There are 4 protein chains.
Amino acid sequence: MDANPAQRPGRRRSEASRQAILAAAAELIAQDGYGSLTIENIARHSATGKQTIYRWWPSKADVAMEALADKTDLQVPIPDEGNFAADLRAVLSTSFALARQPQVTEILRALMAEAQIDDAFAQRFRSQFLERRRRALHTIVDRAHARGELPAGVPPDTVVDVVFGTLWYRVLAIPAPLDDVLADELVRILAPASPG
Amino acid sequence: MDANPAQRPGRRRSEASRQAILAAAAELIAQDGYGSLTIENIARHSATGKQTIYRWWPSKADVAMEALADKTDLQVPIPDEGNFAADLRAVLSTSFALARQPQVTEILRALMAEAQIDDAFAQRFRSQFLERRRRALHTIVDRAHARGELPAGVPPDTVVDVVFGTLWYRVLAIPAPLDDVLADELVRILAPASPG
Amino acid sequence: MDANPAQRPGRRRSEASRQAILAAAAELIAQDGYGSLTIENIARHSATGKQTIYRWWPSKADVAMEALADKTDLQVPIPDEGNFAADLRAVLSTSFALARQPQVTEILRALMAEAQIDDAFAQRFRSQFLERRRRALHTIVDRAHARGELPAGVPPDTVVDVVFGTLWYRVLAIPAPLDDVLADELVRILAPASPG
Amino acid sequence: MDANPAQRPGRRRSEASRQAILAAAAELIAQDGYGSLTIENIARHSATGKQTIYRWWPSKADVAMEALADKTDLQVPIPDEGNFAADLRAVLSTSFALARQPQVTEILRALMAEAQIDDAFAQRFRSQFLERRRRALHTIVDRAHARGELPAGVPPDTVVDVVFGTLWYRVLAIPAPLDDVLADELVRILAPASPG
DNA sequence: AAGTAAGCGAGACGGTACGTCCGGTCTTAGC
DNA sequence: GCTAAGACCGGACGTACCGTCTCGCTTACTT
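Worth saying up front: this structure is predicted, and the values here are computed from it rather than measured.

Asks: Please clarify how the overall build of chain A should be interpreted in this entry.
Replies: A count of helices and strands for chain A gives nine helices and zero strands. Helices and strands in chain A line up, N terminus first, as α-α-α-α-α-α-α-α-α. With respect to the three principal axes, the spread of C-alpha positions in chain A is 65 × 45 × 25 Å. By the burial criterion, 49% of the 196 residues in chain A qualify as buried. Sequence separation of 24 or more characterises 67% of the internal contacts of chain A that already satisfy a separation of 6 or more. Summing over all exposed atoms, chain A offers an accessible surface of approximately 9600 Å²; the carbon and sulfur share of this is 49%. Charge centroids of chain A, computed over 23 positive and 25 negative side chains, lie 6 Å from each other.

Here it is as structure tokens:
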């Protein structure tokens, strides 16, 4: 078994190229938007061969997704403050702060767009990005559910849909930047009964 | 004033071509997905010249948007049943039924995707599609707001964001088709206090 | 019999349009060269409809040919000075003077070019332009032949070929403008034995 | 110095594609005439990409010129039989035989036509084709000039003009194929005084 | 040390679609 | 019935990228 990659003969993957490619992708997206991002441009700006990109990433969207992962700490902290309102507010605060950065916004929109057009990427996007963030929120919501803090007759899954749905809708459909007031309002809607 | 187009000399726009183009676009999207839709293919399948398409639509996304408008009655009925829960359920029912048709889903996803990538189209998409549907719901929500039926501290705009956000998120990010149960749950969340 | 065109019903051909078209063609050729001459451009610059051009001329080359005919008096005078040398010199002098005008050169080159590419035009070009000029020279050469002034064993047709051949070659293949010295040299070659 | 192309990195030019393109161009010209030759057709018939053609040739006329060069041995032999008449007849014999092949005629006419319409190509056509053939004849004529075999008062350049002029005129302006009798007559005109 | 196996930048390759231009035709309203 | 205007279908233009395929070179492990 070749589980240990160090054992195989041949030149090893160049970390310098990997980073040059991700950096070039990020810069090009910031400059001209994802719409005019091309593999050829990434290669040119990173002084890299196209083949190297095709060898390691299935599509330019995957390059963008990895560039985003590299640039931001996508680890989602799972707070546990004892009540749903506080936990939810903490998660929203983190998420909003992240999504508000213009370069992050641009990439998020592009990834969601590409997922609509390219089914194979959609799967990777869901499993590598969306599901991870869902899981973090799910933990909190499940806990609240157990404590009886959710609105009556609303399963945890739906709460998660509402939170991420509202967040994504604002990013995708509304030109104004994400507003922190929205976070408070979401808390009021979803965690209405702050137990005395 | 040249408001009356019949007064100008020259051949008039061909309604037959317009419909052939929209039909071809719709069919091609249904068959191969929006990702492989090209102007050239639309022209070929509609026995039409590319120039004719470029003359009347700014982009293939606009063709798709018009095809959607032609195919579905996008007029949004504004119910008035006297209470928010019933009104909201009626709107959701209509919207879900529409968005559940596979061909409609496919086009909706494509339009939202294109709007992320092409800013000029994004503006047209918002003003010609998103805003219209927002306005319908807004009427209902404003009415509820006046009656004091909204959750405390939640302005109508946010309610609209939550409704459409959840709907779009399910369409864009979740592979499963839209579920009618979700409509009930949204009503429970947003119109909780059925006045005694 | 409809020999009298004034008797037919309907609007008569517009002489103003005819001249506007020829003038626009001449001007466009002078400006940008025949290579970028298009029917559409002629129509635009002459404030005329494309249909009007297609109705009266088989191709843009025919427009150019008529523009040339209108602009220059293409009537070829047939001198008769009593000896071949003087007659030939007179014909060459007229022809060179005509072909030396830059705008005429440009059109001549274009017509000969088009004749290589479009067989139908080639026939019209030969019968309406080349043959006429050949006939003028032929009269002179035949007369010289009868007087025994041609080189021995050289039929009149060949003399005509040599004269026009040399002239056209200089126009088509040599960037320098036509030189009057050439006329003298042709006379020396073809009418060498000025009979004492 | 990068004179050695083998030193550069990257895939090398494909000789197979080069030949397929030239062959396709030659065949298409023979079939449908130069007038309906398009880059797109060449690419299709040679199972080649358009870009490959644009990469290596400035225009379709240059493709045709190279196809001609490849197909015919354009090397012009320079005979030296001791007298102008014999040398000239030898050159004419070779040239006529070449120009009489229908496929060669077609290309020659097309190249000369294109040179009238495209100035940049005209320069290449002169330096890569016309001038070479002129030089061969010039050698012979200069030699004759030194021996005093030219008509009095006629410089070598003019003799060359007359020879090629007549040849080209017959090809371009006269529908009949080149006649060998013409060669004899040209010799009689230009090398009349076979010195005793 | 030689041999073998990968990865690298570079760049040509066969394709496909782009958006534009023009050809030649058809359809208006107006003279 | 001609005219200007202008839309129509069709097709080639020259360009941009796609994803693949050589190249010569470099870097690593294996013998």
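Right, picking up where we left off after that structure.
Asks: What am I meant to see in the layout of surface pockets here?
Replies: Of the pockets and cavities examined, the largest pocket occupies roughly 430 Å³. At the level of secondary structure, the elements contributing two or more residues to the lining of the largest pocket comprise α5 (84-100), α6 (102-117) and α8 (156-173) of chain C together with α6 (102-117) and α7 (119-147) of chain D. In terms of residues, the lining of the largest pocket owes the most to one element, α6 of chain C, which gives five residues. Its residues assigned to classes, the lining of the largest pocket shows 14 nonpolar, six polar and eight charged.

Asks: It is not clear to me how the packing of aromatic side chains should be interpreted in this structure. Could you clarify?
Replies: How two aromatic rings sit relative to each other is set out by the distance from centre to centre and by the angle between their planes. Residues and elements named next belong to chain D. By the definition in use, this model includes 16 aromatic pairs over all chains. For the pair Phe-121 and Phe-125, a centre-to-centre distance of 5.8 Å together with 15 degrees between the ring planes defines the contact as stacked. A residue pair is termed a helical-turn pair when its members lie 3 or 4 positions apart in one helix, as Phe-121 and Phe-125 do in helix α7 at four residues. Here Phe-121 and Phe-125 have matching classes, each one buried.

Asks: Explain the interface of chain B and chain A to me, please; I cannot follow it from the model alone.
Replies: Many descriptions give the size of an interface as the accessible area lost when the pieces come together. Facing the 36 residues of chain B at the interface are 36 residues of chain A. Of the roughly 3100 Å² buried between chain B and chain A on both sides combined, carbon and sulfur atoms contribute 64%. Contact with chain A buries area across many residues of chain B, yet Gln-116, Tyr-169 and Ile-189 of chain B alone supply 23% of it, more than any other trio. The interface formed by chain B and chain A holds two salt bridges in total.

Asks: What is the right way to look at the arrangement of the chains in this model?
Replies: As for chain C relative to chain B, no contact occurs, and the smallest C-alpha gap between them is 11 Å. A gap remains between chain B and chain D, which never touch, and the nearest two C-alpha atoms on either side lie 16 Å apart.

Asks: Looking at this structure, I do not really get helix α5 (residues 84-100) of chain B. What am I missing?
Replies: Residues and elements named next belong to chain B. Over its 17 residues, α5 extends 24 Å from the first C-alpha to the last, a length consistent with the 24 Å expected when each residue adds 1.5 Å. Within α5, burial applies to Phe-84, Ala-85, Asp-87, Leu-88, Val-91, Leu-92, Ser-95, Phe-96, Leu-98 and Ala-99. Looking straight down α5, one finds that the buried residues subtend no more than 165 degrees of arc, so they occupy a single side. The opening residue of α5 is Asn-83, an N-cap whose side-chain oxygen sits 3.2 Å from the backbone nitrogen of Ala-85.

Asks: Explanation requested: the interface of chain D and chain C in the structure shown.
Replies: Residue-level contacts link 36 residues of chain D with 36 residues of chain C. Regarding the contact of chain D and chain C, the summed buried area is about 3100 Å², with carbon and sulfur atoms giving 64% of it. Looking at the side of chain D facing chain C, the largest losses of area belong to Gln-116, Tyr-169 and Ile-189 of chain D, adding up to 23% of the total buried there. At the surface where chain D touches chain C, the tally comes to two salt bridges. Linking Asp-161 of chain C and Arg-170 of chain D is a salt bridge whose minimum nitrogen-to-oxygen distance equals 2.6 Å.

Asks: Explain the packing of α5 of chain B against helix α6 (residues 102-117) of chain B here, please?
Replies: When two helices pack together, their arrangement is given by the angle between their axes and by how far apart the axes lie. Residue and element names in this part refer to chain B. Close contact between α5 and α6 brings their axes to 5 Å; oriented N to C, the two are set at 90 degrees. By the angle between their axes, α5 is roughly perpendicular relative to α6. Contacts between α5 and α6 involve Leu-98, Ala-99 and Arg-100 from the former and Pro-102, Val-104, Thr-105 and Leu-108 from the latter. For the contact of α5 with α6, a count of residues per class yields five nonpolar, one polar and one charged.

Asks: So what exactly am I meant to see when it comes to the relation of the copies chain D and chain C here?
Replies: For the pair chain D and chain C, the relating rotation is 179 degrees, the translation along its axis is 0.0 Å, and the fit reaches an RMSD of 0.2 Å. As the rotation angle and translation indicate, the two copies are arranged about a two-fold axis. When the interface residues of chain D are mapped onto chain C, 100% of them again fall at the interface, so both copies present the same face.

Asks: Sorry if this is basic, but what is going on with the protein's contact with DNA strand E here?
Replies: Around DNA strand E, a shell composed of 43 residues is seen, among which Arg-11 and Thr-52 of chain A, Tyr-54 of chain B, Gln-51 of chain C together with Ser-17 of chain D lie nearest. Backbone sugar and phosphate groups make up 64% of those atoms of DNA strand E lying within 4 Å of the protein. At a separation of 3.3 Å, a phosphate oxygen of DNA strand E approaches a polar backbone atom of Gly-49 of chain D. With four residues, helix α3 (residues 50-56) of chain D is the single largest residue contributor to the surface near DNA strand E. The residue inventory of the surface near DNA strand E, partitioned by class, reads twelve nonpolar, 18 polar and 13 charged.

Asks: Sorry, what's going on with the protein's contact with DNA strand F here?
Replies: The environment of DNA strand F is made up of 50 residues, and the closest members are Arg-12 and Gln-51 of chain A, Gly-10 and Thr-52 of chain B together with Tyr-54 of chain D. One nitrogen or oxygen atom from the main chain of Glu-40 of chain A is found 3.2 Å from a phosphate oxygen belonging to DNA strand F. In this structure, a phosphate oxygen belonging to DNA strand F sits 2.8 Å away from a side-chain N or O atom of Thr-52 of chain C. Mapped onto the surface near DNA strand F, the elements with two or more residues apiece are α2 (39-45) and α3 (50-56) of chain A, α3 (50-56) of chain B, α3 (50-56) of chain C together with α2 (39-45) and α3 of chain D.

Asks: Just to check I follow, could you spell out the domain arrangement of chain A for this structure?
Replies: Residue and element names in this part refer to chain A. With domains assigned, chain A is organised as domain 1 (15-56) and domain 2 (64-190). Relative placement of domain 1 and domain 2: their C-alpha centres are 28 Å apart. At the boundary of domain 1 with domain 2, total buried surface from both sides reaches about 800 Å², with 65% on carbon and sulfur atoms. On the domain 1 side of the interface with domain 2, the three residues burying the most area are Leu-22, Ile-29 and Tyr-34, jointly 60% of the side's total. Among the salt bridges present, the one from Arg-18 reaches Asp-70, with a minimum N-O distance of 3.1 Å. In terms of residue class, the side of domain 1 that touches domain 2 is made up of five nonpolar, one polar and one charged.

Asks: It is not clear to me how helix α6 (residues 102-117) of chain A should be interpreted in this structure. Could you clarify?
Replies: Spacing of three or four residues puts side chains on the same side of an α-helix, whose turn is 3.6 residues. Residues and elements named next belong to chain A. Here α6 is 16 residues long and its end C-alpha atoms lie 23 Å apart, about the 22 Å a rise of 1.5 Å per residue gives. Taking burial as the measure, the 16 residues of α6 include twelve buried ones, the bulk of the element. Among the residues of α6, those classed as buried are Val-104, Thr-105, Ile-107, Leu-108, Arg-109, Ala-110, Leu-111, Met-112, Ala-113, Glu-114, Ala-115 and Gln-116.

Asks: How do you make sense of the side chain of Gln-116 of chain D when you look at a structure like this?
Replies: Mapped onto the secondary structure, Gln-116 of chain D falls in helix α6. In this structure, Gln-116 of chain D is in contact with Arg-109, Ala-113, Val-171 and Leu-172 of chain C, ignoring residues within four places of it in sequence.

Asks: I'm lost on unusual backbone geometry in this one. Help?
Replies: Glycine aside, the phi torsion of most residues is negative, and most peptide linkages are trans. One non-glycine residue, Ala-47 of chain A, lies in positive phi territory at about 50 degrees. Among the secondary structure elements, Ala-47 of chain A is positioned in the loop between α2 and α3.

Asks: Honestly, the packing of α8 of chain C against helix α9 (residues 180-190) of chain C in this entry has me stumped. Any pointers?
Replies: Residue and element names in this part refer to chain C. Running from N to C, α8 and α9 cross one another at 155 degrees; their axes reach a closest spacing of 11 Å. Taken together, α8 and α9 sit at an angle that is classed as roughly antiparallel. Handedness of the α8/α9 crossing: right-handed. Touching Val-159, Val-162, Val-163, Thr-166 and Arg-170 of α8 are Leu-182, Leu-186 and Leu-190, all from α9. Tallied by class, residues from the contact of α8 with α9 come to six nonpolar, one polar and one charged.

Criteria and cut-off values
Residues numbered from 1 in each chain as written. Chains lettered and ligands numbered in written order. Predicted model: local features only at pLDDT ≥ 70, side-chain atom pairs only at ≥ 80, totals over all residues. Heavy atoms only, no water. Helix = DSSP H or I, 4+ residues; strand = E, 2+ residues; numbered from the N terminus. Buried < 20%, exposed > 50% of the residue type's maximum accessible area, 1.4 Å probe, protein only. Contact = heavy atoms within 4.5 Å. Areas by Shrake-Rupley, 256 points an atom, 1.4 Å probe, with all protein chains shown as cover. Lys, Arg positive; Asp, Glu negative; His and termini not counted. Charge placed at Lys NZ, Arg CZ, Asp CG, Glu CD. 1 Å grid on protein atoms, 1.4 Å probe; cavity = no way out; pocket = protein on both sides within 12 Å on 5 of 7 lines; lining within 4 Å. Points joined across faces, edges and corners; volume = space filled by probe spheres on them. Nonpolar A, V, L, I, M, F, W, Y, C, P; charged D, E, K, R; others polar. Phe/Tyr/Trp six-rings, centres within 6.5 Å; stacked < 30°, edge-to-face > 60°. Buried area = accessible area lost by both parts, 1.4 Å probe. Salt bridge = Lys/Arg side-chain N within 4 Å of Asp/Glu carboxyl O. Expected span 1.5 Å × (residues − 1). Arc of directions from axis to C-beta. Polar contact = N/O pair within 3.5 Å; in protein donor to acceptor, adjacent residues only side chain to side chain. Axes fitted to C-alpha atoms, helices over the stretch in contact; angles between N-to-C directions. Parallel < 35°, antiparallel > 145°, perpendicular 65-115°, else oblique. Least-squares fit on C-alpha atoms with pLDDT ≥ 70 in both. Near = heavy atom within 4 Å. Domains from an automatic or database assignment. Left-handed = near helix turned anticlockwise from the far one by under 90°.

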